[in-house]
Amino acid sequence: MAWELLLWLYAFASVIALIALTAYQLINLSDLEFDYINPYDSSSRINAVVVPEFMVQGILCTSFLLTWHWFPFLIMAPITYYHVNLFMNRRHLIDVTEIFRLLNGEKKYRIIKLSIYFSIFVIVIYRLVMSAVLLLTDEGFGSLESGIF
Amino acid sequence: MQPMGNDKPANVPGRPVLPSPAAPRPSTPFISSGPVVGLGTSGVPQTAAPFLSSGPITGMQMSNYRSSPPPIRYNGPSSPPPPTSYPGQDATTYQQTQAPRFPPPAQPGTPLRVPPPVGLPVTPPMGSLHPQLQIPSVPMGPPPQTAAQSSSRSYMPPPVSESSFSAPRPPPQPSLHGYSNMLPGGNMPPSPAETQFLAPRSVSQPASQQAFPAFHVPPVHASPYHVHQGGVVPPPLPPLGGPLGYNSRGQMQYPSTGPPMGGNLQGLVEEFQSLSVGSAPGSLDHGVDAKSLPRPLNGDEEPIKIQETYPLNCHPRFFRLTTHAIPSSQSLLARWHLPLGAVVHPLAEVPDGEEVPIVNFGPAGVIRCRRCRTYVNPYVTFMDAGRKWRCNLCSLLNDVPGEYYCALDASGRRCDIDQRPELSKGSVEFVAPTEYMVRPPMPPLYFFLIDVSISAVRCGLFEIVAKTIKSCLDELPGFPRTQIGFLTFDSTLHFHNLKSSLTQPQMLVVADLDDIFLPLPDDLLVNLSDSRHVVDALLDILPSMFQDNANVESALGPALKAAFMVMSQLGGKLLVFQSTLPSLGVGRLRLRGDDLRIYGTDKEHTLRVPEDPFYKQMAAEFTKNQISVDIYAFSEKYTDIASLGSLAKYTGGQVYHLPSFQAATHQEKLRYELARDLTRETAWESVMRIRCGKGVRFSTYHGHFMLRSTDLLALPAVDCDKAFAMQLSLEDTLMTTQIVYFQVALLYTSSSGERRIRVHTAAAPVVADLGEMYHQADTGAIISLLSRLAIENTQSHKLEDARQLMQLKLVKSLKEYRNLYVMQHRLGGRLIFPESLKFLPLYVLSLCKSVALRGGYADAPLDERCAAGYNMMILPIRRMLKLLYPGLYKIDENLIKGPEYSEKSSKQLALSAQSLDPRALYIYDDGFSFIIWLGRMLSPDLVNGILGLDVSGFPDLSKLALLEHDNEYSRKLMRILKRLREKDPSCFQLCRVVRQGEQPREGSLLLSNLIEDQTAGTSSYVDWILQVYRQSQSS
């Protein structure tokens, strides 16, 4: 049970990191849109965190898979697939020369991603609390554990 | 009757009759419809009314009004019951827009009697006409009704301009006759013979029309009515009209009205006057006569008339909107299917005497709006006795600085307006004070990056490049501050130390490509005037230095990095001479584009985008450091222009592609273009921004530049050969202003080291009517913008998709136009388009056949396709249109006949193989190259004289350089070529000679470029028109 709690703690930290990284990218993009920042800085800042984000996301996803947590894994899987796809096609980095043309699309993409991360965040918190409660009470509250989450 | 009364009053107040430019336009289309009505009986007003009402759109209404002119013609004898007809028209729909036009109700009665407008003799052919008309109707089915309808219509619109219209009309009627006779069934297409007939008529008509001052006719002239009834003017010619043929459809009856024809004519004739008349609809038959199709044989005609309406606007050579009428609402914009935007050519060359005035505000600083930063311009208004001025873009009230104060005269104008070009001219150049500099103005700087691998050696490049550079040294702009530097590379990088204390240049070789470093901190880039002798020495020995180089590798990527390190402090112009595929170090490229299988798949576009992100990143770095890159590519093999060109694309540069470079044949072209590149006036470290009034916004930009923020174009170097296009979007659903202002501001450093701001200001009206947008459309700007959109499209989609998208836009816009004017009348068998867009279908066709967009894999080598694409992205409108519809001239007579004849420039011919006569000699000129076509039966004397050798030996003409020989023919030909070249100094037109029947050269050089002909997989002009027509008709 302690492992379970650790896993969810780790997941909690990861999802926070993912949300933070995505939000950071979004902020950079909107700064660019309002001309608070030039495209060179904006794209280099964004590009600096793209790969770390992919890695955090990928590791989290695999850890769900390895611990047989199907539901969170399946939620994460499409994003992982999308990331891998982007990476393989070398389209994951923002192109500074075309950044203004792509601005709206990139923002939309990141907003969608952010909302997915938030929904995962809710699930993770729920499971985290659940496993903590289970561990603390140390009782057979197994019936509380829903099969889905 | 009742409706009439009501409507009219309402209408009158609505608009001022004369003033609004918008009002006049659209009528023409309708005209066609109008006539229909007129023919019939005036008697059935009621039926007519429903008809009219059917047209829901305001725009349509407008058109109807316009159409009114046609009715005029008819008028003659028969006294119509005008009142009745009137009501019908007024009914509902028309009121809003056209209301002003309508004469008071009383008018109709009186005018009838009035003789038709000026020139036209009203003949009594009417009687005859009527019968004929009816005849056609019979086949249709319910003839009587239609007739009634038509009659009602004719009455409706007796607008101001009627008199002018009357003239055109008569012609149509005759046509009608012909048609009616021809088409018993109505469905049959007219025979070709007929169509031809028609064509001539149209031509003749214009003349008659011109006689009438259409616009001037006061609305009072009820004359239209008369005309209406009366008569049909006997058309001196068979009037059919317009460039378009007649249609053969069942709708014959309608066509009989003939008005469409008239409209066309008018359009052709009016050109300048057409403001009020508006667009002319054309009609097309199924058996279209190729000869009657519209062709831009006079090249681009700049929309000068805008200058007349808005004399304070900058000249259209600097700024052209795709339509000089901004839609007032999103919904209206949605119906304008063509791109809405502008083409800006900030440094366009101006003829002598029209130079842009330079203004120095001195200590007052440049006068700008506090809020939106707009520069002071002729459209600002001074108030409060001259102490304040109101910004025309954002309406903010600004203070006038004390130094700039001037009293106002009685009319509120500044007294010194004539002495201040910034208040009286649309284009001015301000001298910018130090606040506009982030660093001291940079000196002009040229850095040459020359590939010296074996392929460059083989084609004899160095000699020409070195000599050209040397000959230009004296003319480089910016003496004595000009800086210069050289770097050569193959598998290693060769730096050249040009320190002024040396007598001979030193070459320093760096072989480490992974970690580039500069062997010297400075002296790689030197002041030209200080080190002139060293530079001269280097250029002298350069050709021999690498004569025996057998190195096949080319390390372009590292060389670019090295050049960047040398130039990054100052910026400037980097000229890259690349003659093989970059093969070493970072940025190496691989052969691609040979894979046939990728064509037609979703991955096809990847061939046209840079393969390695290195080039884009490098381009971004270059722009950041104010470096502009020009690419000269020479290889006959694949060099991945798509990747190399992106360097030029994002740095405001240009791609010069001279495939299969051979010193003997290409040297003149390279010499000229390199010299022009080096010596033309260049604006350095510039940025450009276009401001526009409230409610509109430029959303996308197309051309060679890099966006530094959402609306700031960074242009490390820009010159007179580069134009930029941009698209507009509306920010609000409804525009509240009457006029939208645009201001282009280019801040740059001149070669002399002065910081300047070139400002172009323009105003455009906001309109609520689609017809007006069509009327004010500018085909040149539309095509320019459309081509850039299409080329960008090919970088993310298939070629086929890009072409279809263009066609779709064309068809949609024509369909929309058709809906404006035709739907209610069921005018089936005609293609209707506005006068302003008469060349649009042809240009779109030509665009689809252009090198950048044509066919598939086999139709153009990938490199040439990409190079053409890069070129089209920067072309100014005039050269773009020239490229799309090149000139074809028959010149053998000029050569043979006397000198006085040879000075006359010959007429431009239609681009079709039918124009080619085997007994003649032609020049094909697309602005980038000349092709001289020798007919098979041309006299051998002439051919031998021109070529300077005996043709009977079947020499290889592809290797032949056309030189001046010592005979009259050759000298005359050279004079003609020279004159043609002078027309377009921005490029050297390489001249190639091809003989008739010499395959495959003839096919690839000339025949495939005759865009009106059918070539593999593409349609001919006639087919294209039919295709477009059919698609625009299907809903």
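Counting restarts for each chain, with residues numbered from 1 along the sequence as it is written. In the order they appear in the text, chains get letters beginning with A and ligands get numbers beginning with 1. With the structure being a predicted model, the display of local features is reserved for residues of pLDDT at least 70 and the display and counting of side-chain atom pairs for 80 or more, all residues being used for whole-chain, interface and lining totals. Think of the side-chain values as coming from all heavy atoms in the structure, minus any hydrogens and water.

Enquirer: Sorry, what's going on with the side chain of B:Asn377 here?
Expert: Residues and elements named next belong to chain B. Only DSSP runs of H or I with at least four residues qualify as helices, and only runs of E with at least two residues qualify as strands; both kinds are numbered from the N terminus onward. Along the chain, Asn377 falls in the loop between β4 (358–359) and β5 (381–383). Polar contacts involving the side chain of Asn377 include one to the main-chain carbonyl oxygen of Tyr375, which spans 3.1 Å. Only 3.1 Å separates the side chain of Asn377 from the side chain of Asn392, close enough to count as a polar contact. Under this definition, polar contacts are N or O atom pairs within 3.5 Å; protein pairs additionally need one hydrogen-donor-capable and one acceptor-capable atom, and for neighbouring residues in sequence, both atoms have to be side-chain atoms.

Enquirer: It is not clear to me how a nonpolar patch on the surface should be interpreted in this structure. Could you clarify?
Expert: Patch construction takes residues with relative accessible area above 30% that form no salt bridge. Like charges are linked within 9 Å, and nonpolar side chains (Val, Leu, Ile, Met, Phe, Trp, Tyr) are linked within 5 Å. Here the Shrake-Rupley method, with its probe set to 1.4 Å, supplies the accessible areas, and only the displayed protein chains count as covering residues. A pair is scored as a salt bridge if a Lys or Arg side-chain nitrogen falls within 4 Å of a carboxyl oxygen belonging to Asp or Glu. Nonpolar side chains collect at one region of the surface, where A:Tyr10, A:Val51, A:Met55, A:Ile59, A:Val84, A:Phe87 and A:Met88 lie side by side and expose about 660 Å² of accessible area between them. Within the secondary structure, A:Met88 sits in helix α3 (residues 70–88).

Enquirer: In this structure, what is going on with the interface of chain B and chain A? I would like to understand it.
Expert: Bring the parts together and some accessible area is lost; that lost area is often taken as the interface size. With 17 residues of chain B at the contact, the number on the chain A side is 11 residues. Surface buried jointly by chain B and chain A totals about 1,200 Å² across both partners, of which 57% is contributed by carbon and sulfur atoms. Between A:Arg101 and B:Glu792 there is a salt bridge, with the nearest N and O atoms lying 2.7 Å from each other. Put simply, chain B and chain A have 5 residue pairs in polar contact (both at pLDDT 80 or more) between them. At the level of secondary structure, the elements contributing two or more residues to the side of chain B that touches chain A comprise α25 (613–624), β18 (696–702) and β19 (706–709) of chain B. Counting residues per element, the side of chain B that touches chain A draws most heavily on α25(B), at 5 residues. Contacts: residue pairs with any heavy atoms within 4.5 Å of one another. Here's the idea: put two parts together, see how much 1.4 Å probe accessible area each one loses, and the total over both is what we call buried area.

Enquirer: Explain the packing of helix α22 (residues 461–472) of chain B against helix α27 (residues 663–679) of chain B to me, please; I cannot follow it from the model alone.
Expert: Pairs of packed helices are described in terms of their axes, by the angle between the two and the distance that separates them. All names here are of chain B. Helix axes use the C-alpha atoms of the stretch in contact, all axes being lines fitted to C-alpha atoms, and the angles between their N-to-C directions lie in the range 0 to 180 degrees. Orientation of α22 relative to α27, taken along the N-to-C sense of each, is 35 degrees, at an axis distance of 9 Å. The crossing of α22 and α27 is right-handed. Every residue of α27 that contacts α22 at Leu461, Ile464, Val465, Thr468, Ile469 and Cys472 is listed here: Ala663, Gln667, Leu670, Arg671, Leu674, Ala675, Leu678 and Thr679. The residue classification treats Ala, Val, Leu, Ile, Met, Phe, Trp, Tyr, Cys and Pro as nonpolar and Asp, Glu, Lys and Arg as charged. All others, Gly included, are polar. Grouping the constituent residues of the contact of α22 with α27 by class yields 10 nonpolar, 3 polar and 1 charged. Each crossing gets its hand from how the near helix is turned against the far one by less than a right angle, where anticlockwise is left-handed and clockwise is right-handed.

Enquirer: It is not clear to me how the nonpolar core should be interpreted in this structure. Could you clarify?
Expert: Residues and elements named next belong to chain B. We call a set of buried Ala, Val, Leu, Ile, Met, Phe, Trp, Tyr and Cys residues a nonpolar core when their side-chain atoms join them within 4.5 Å. Partly exposed describes any residue whose relative accessible area lies between the buried limit of under 20% and the exposed limit of over 50%, with all areas from a 1.4 Å probe on protein chains only and scaled to the type maximum. Counting 125 residues, the largest nonpolar core has Phe319, Ile326, Trp336, Val696, Phe698, Phe742 and Val844 as its most contacted members. In contact with Phe698, other than residues within four places in its own chain, are Ala342, Ile690, Cys692, Met726, Gln727, Leu728 and Phe742. Membership of the second largest hydrophobic core comes to 50 residues, among which are Leu560, Tyr599, Tyr615 and Tyr638.

Enquirer: Help me understand the sheet that holds strand β21 (residues 724–730) of chain B, please; the structure alone is not making it clear to me.
Expert: Sheet strands pair by backbone hydrogen bonding; their relative direction is either parallel or antiparallel. All names here are of chain B. Strand order in the open sheet formed by 4 strands is β1-β3-β21-β18, and the pairing between neighbours is antiparallel. The strands lining the two open edges of the sheet, one partner per strand, are β1 (319–321) and β18. Neighbour-to-neighbour, the strand axes of this sheet turn through a mean angle of 25 degrees, independent of strand direction. When DSSP finds two or more bridges between a pair of strands, those strands are recorded as paired. Pairing geometry for β1 and strand β3 (residues 341–344), over 3 bridges, is antiparallel.

Enquirer: Just checking my understanding: could you explain the packing of helix α36 (residues 940–947) of chain B against helix α37 (residues 968–983) of chain B for this structure?
Expert: Residue and element names in this part refer to chain B. As a packed pair, α36 and α37 sit with axes 7 Å apart at the nearest point and diverge in direction by 65 degrees. As α36 packs across α37, the resulting crossing turns out to be right-handed. Within the contact between the two elements, α36 uses Asp941, Leu942, Gly945 and Ile946 and α37 uses Tyr969, Ser970 and Leu973. Split into classes, the residues belonging to the contact of α36 with α37 amount to 4 nonpolar, 2 polar and 1 charged.

Enquirer: Before we go on, may I ask you to explain unusual backbone geometry in this structure?
Expert: Residue and element names in this part refer to chain B. Residue Pro480 is bonded to the preceding Phe479 through a cis peptide linkage, with omega at 0 degrees. Even without being a glycine, Asp384 presents a positive backbone phi close to 55 degrees. The residue Asp384 is located in the loop between β5 and β6 (388–390) in this model. Its identity as a non-glycine residue notwithstanding, Ser660 has a phi of 50 degrees, on the positive side.

Enquirer: Is there a simple way to explain the layout of surface pockets in this structure?
Expert: Space left empty within the atom packing is revealed by a probe, the size of a water molecule, rolled over the atoms. Roughly 1,700 Å³ of volume is contained in the second largest pocket. The set of elements that each furnish at least two residues to the lining of the second largest pocket consists of α3 and α4 (99–137) of chain A together with α25 and α26 (641–649) of chain B. The greatest single-element share of the lining of the second largest pocket, amounting to 6 residues, is contributed by α4(A). Taken together, the residues that form the lining of the second largest pocket break down as 15 nonpolar, 10 polar and 17 charged. Residues are said to line a cavity or pocket when one of their atoms sits within 4 Å of a point; the points come from a 1 Å grid over protein atoms alone, cavities being sets where a 1.4 Å probe fits but cannot get out and pockets being open sets with protein on both sides within 12 Å along at least five of seven lines. Grid points are joined across faces, edges and corners, and a volume is the space filled by probe spheres set on the points.

Enquirer: Help me understand the side chain of A:Glu98 in this model?
Expert: Relative to the helices and strands, A:Glu98 resides in the loop between α3 and α4. Here the side chain of A:Glu98 touches A:Arg101 through a polar contact of 2.6 Å, side chain to side chain.

Enquirer: Is there a simple way to think about the confidence of the model for chain B in this case?
Expert: Interpretation of the predicted coordinates at a detailed level should be avoided for regions scoring low in pLDDT. All names here are of chain B. Per-residue confidence from the prediction method is given by pLDDT, with values spanning 0 to 100. Predicted confidence across chain B gives a mean pLDDT of 74, with 69% of residues reaching 70 or more. With pLDDT under 50 throughout, residues 1–286 is counted as low confidence; its partners more than four residues away or in other chains account for 758 contacts. Model confidence for the complex: the whole-complex pTM is 0.75, and ipTM, which rates the interface, is 0.86.

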